[in-house]
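Structure assessment
Chain by chain, the residues run as shown.
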Amino acid sequence: MNQNGYDVVVFGATSFVGRILAEYLLHTFGVGEDLTWAIAGRSEQKLEALRSELGSMAVDLPVIVADASDEAALQSLCDGTRVVISTVGPYALYGEPLVRICAESGTDYCDLTGEVQWLRQMIQKYEDTARNSGARIVNCCGFDSIPSDMGVWFMQEQAQARFGKPLTRVSMRVKAAKGELSGGTVASLLNVVKEASSNPELRRELANPYSVCPPNHGFTARQHTVKKAEYDPDFQAWTAPFVMAAINTRVVHRSNALSGKAYGSDFRYDEAVLVGRGLKGRATGWGMTGFMGGFMLGASIAPTRWLLERFVVPKPGQGPSREAREKGFFDLRFFGETEDGETLRGKVTGDRDPGYGATSKMLGQAGVCLARDVDREQVGGGFWTPATALDGQLLERLQNASGMTFELLEDQA
Ligand SMILES: NC(=O)c1ccc[n+]([C@@H]2O[C@H](COP(=O)([O-])OP(=O)(O)OC[C@H]3O[C@@H](n4cnc5c(N)ncnc54)[C@H](OP(=O)(O)O)[C@@H]3O)[C@@H](O)[C@H]2O)c1
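Residues numbered from 1 in each chain as written. Predicted model: local features only at pLDDT ≥ 70, side-chain atom pairs only at ≥ 80, totals over all residues. Heavy atoms only, no water.

**What to know about the packing of helix α14 (residues 354–372) against helix α15 (residues 386–401)**
With their axes 10 Å apart at the nearest point, α14 and α15 run at an angle of 135° to one another. Relative to α15, the element α14 lies oblique. Along this stretch, α14 crosses α15, giving a crossing that reads as right-handed. Contacts between α14 and α15 involve K361, M362, Q365, A366, V368, C369, L370 and R372 from the former and L390, Q393, L394, R397, L398 and A401 from the latter. Here the residues of the contact of α14 with α15 are counted per class, giving nine nonpolar, two polar and three charged. (Axes fitted to C-alpha atoms, helices over the stretch in contact; angles between N-to-C directions. Helix = DSSP H or I, 4+ residues; strand = E, 2+ residues; numbered from the N terminus. Parallel < 35°, antiparallel > 145°, perpendicular 65-115°, else oblique. Left-handed = near helix turned anticlockwise from the far one by under 90°. Contact = heavy atoms within 4.5 Å. Nonpolar A, V, L, I, M, F, W, Y, C, P; charged D, E, K, R; others polar.)

Right, dumping it as structure tokens:
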């Protein structure tokens, strides 16, 4: 053990999001100082080019070469590393060998997957192995699903402090967000739609709100899914479907299950985008519903999927410019109610584009939090969610070093 002695290794550092993460870690932690970390990927040439681009601060940044399918190289990457952060995606295509090796070798792991079907498979296959080895596997550490998962955790903490009981229903609404998609994210999304289009069992699994909860979860509450334009009386505005709800809601229910039903056994949770009031809000809601439906339909049919990949969506490795990332932001609103009708409103914001600028900070801080703050006695091996593994310690890091805020809105209107 302890061959490498790294706190954190970023696997997939040459990916679009991995490069932004490497820059963030460099400027936040330096090299070989308080945090020991390295960059890893399949191409030595690309890793060396990234190190040069990162400038003089990065000359001593260690580089590790490993292909996602080379088990010996992955094993040696894990030896003595505390946490591997992976941005090698689509995870359903490349992610399994690393998860298996981390689970077997007791190495902690974080990623950015939003691929529910893959997450479910990994839990089913490797949860026992991770429990036995002590590996803490924390998936979904980006925009999906940290703001939702930590946002609900924050609202529940506040409800316990004020009312001494949990919120039995919570809604998250995207009030405003500015950002673009990268090729890697689109590739992951298209891969889920492609797998689901030819697999009815997978479609059923994707429709199950408790699909990543442990088998004995016992939840029976019917969950509401916003699938079309709907008026929301809690926010007095029209809403439209939110594309990330499919993963975020699953992660939030898993957090509830793993925390011994801390949010209640009948807890209900949904997500949507706020699109405005009156006739304009209604028209925007239906316009967004039509656009999303059209995109999903196009992505599920092979010839139109090919056209989308070829001519419409960004290619792997491509994504928003630095300027676009810096001008980006997100503003999420939460509404919760206890079983007695007491209500709370909250807000979670981020100061960069959700998918890359903000995501890379969340992922980096989740990895460092796992390496540094979370005791193995307190959180043992297994597949965790951000809220159940990292809770208040991550919240502090996100507020202090990641440009995020979590607050209650005293004006509860
Ligand atoms: N949850 C969120 O909020 C969120 C946000 C952003 C991204 N993501 C996810 O993060 C992942 C990365 O996104 P991205 O846009 O950065 O993707 P990307 O630029 O397309 O990068 C994919 C990475 O995978 C690497 N790779 C592919 N095959 C490999 C192999 N056999 N061995 C080793 N490495 C291999 C590529 O290496 P090369 O550089 O050598 O080509 C590249 O670094 C995607 O799954 C995306 O969905 C999630």
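**Some words on the sheet that holds strand β4 (residues 83–86)**
The sheet built from seven strands is open, its strands ordered β3-β2-β1-β4-β5-β6-β13 with parallel pairing. Taken across any chain shown, the strands that pair with only one partner, and hence form the sheet edges, are β3 (63–65) and β13 (382–384). Going across the sheet, the axis of each strand differs from the next one's by a mean of 20°, ignoring polarity. Inspection of the sheet shows strand β1 (residues 8–11) paired to β4 by four bridges, in the parallel sense. Across the sheet, the residue bridging to F11 is S86, located in β4. (Pairing = 2+ DSSP bridges.)

**Section: the domain arrangement of the protein**
Domain annotation of the protein identifies domain 1 (6–142 + 358–398) and domain 2 (146–353 + 401–408). Relative placement of domain 1 and domain 2: their C-alpha centres are 24 Å apart. Counting residues at the interface gives 36 residues for domain 1 and 40 residues for domain 2. For the pair domain 1 and domain 2, the summed buried surface comes to about 3,200 Å²; carbon and sulfur atoms form 67% of the total. The largest contributions to the domain 1 side of the interface with domain 2 come from F16, Q117 and L398, which together make up 20% of the buried area. For the interface between domain 1 and domain 2, the tally reads four salt bridges. Across the pair R254 and E127 runs a salt bridge whose closest N-O atoms are separated by 3.2 Å. The tally of links between domain 1 and domain 2 comes to 15 residue pairs in polar contact (both at pLDDT 80 or more). Mapped by element, the contributors of at least two residues to the side of domain 1 that touches domain 2 are α1 (16–29), α4 (91–94), α6 (116–133), α14, β13 and α15. It is α15 that provides the largest number of residues to the side of domain 1 that touches domain 2, a total of nine residues. (Domains from an automatic or database assignment. Buried area = accessible area lost by both parts, 1.4 Å probe. Salt bridge = Lys/Arg side-chain N within 4 Å of Asp/Glu carboxyl O. Polar contact = N/O pair within 3.5 Å; in protein donor to acceptor, adjacent residues only side chain to side chain.)

**Thoughts on the sheet that holds strand β9 (residues 237–240)**
Sheet strands pair via backbone hydrogen bonds, and the direction of the pair is either parallel or antiparallel. Sheet architecture is open: seven strands sit in the order β8-β9-β10-β7-β11-β12-β14, paired in mixed fashion. What marks the edges here is a single partner per strand, and that holds for β8 (230–232) and β14 (404–408). With strand direction ignored, the average angle separating the axes of adjacent strands in the sheet is 35°. Here helix α11 (residues 278–300) sits on the sheet in contact with β9 and β10 (268–276), set at roughly 115° to β10. The strands touched by α14 within the sheet are β7 (169–178), β11 (329–337) and β14, with β11 carrying the most contacts at an inclination of about 70°.

**Re the packing of aromatic side chains**
According to the stated counting rule, one finds ten aromatic pairs in the structure shown. When the ring of F16 is compared with that of Y356, the centres are 5.3 Å apart and the planes differ by 85°; the resulting orientation is edge-to-face. Here F16 is found in helix α1, whereas its partner Y356 is found in helix α14, with 340 residues between them in sequence. This pair shows no difference in class: F16 is buried, exactly as Y356 is. Measuring from centroid to centroid gives 6.3 Å for F267 and Y269, while their planes differ by 15°, and the two rings are stacked. Residues F267 and Y269 agree in their burial class; the two are buried. Counting every residue linked through ring pairs, the aromatic cluster contains F143, F242 and F330. (Phe/Tyr/Trp six-rings, centres within 6.5 Å; stacked < 30°, edge-to-face > 60°. Buried < 20%, exposed > 50% of the residue type's maximum accessible area, 1.4 Å probe, protein only.)

**Examining the pairing of β1**
Where burial is concerned, the two faces of β1 agree: the one with V8 and V10 and the one with V9 and F11 are both buried. Bridging between β1 and strand β2 (residues 37–41) involves four bridges; their strand directions are parallel. Within the sheet, the bridge partner assigned to F11 lies in β2 and is A40. Note that the unit made of β1, α1 and β2 has a crossover that is right-handed. (Right-handed = clockwise from strand over helix to strand, strands pointing away.)

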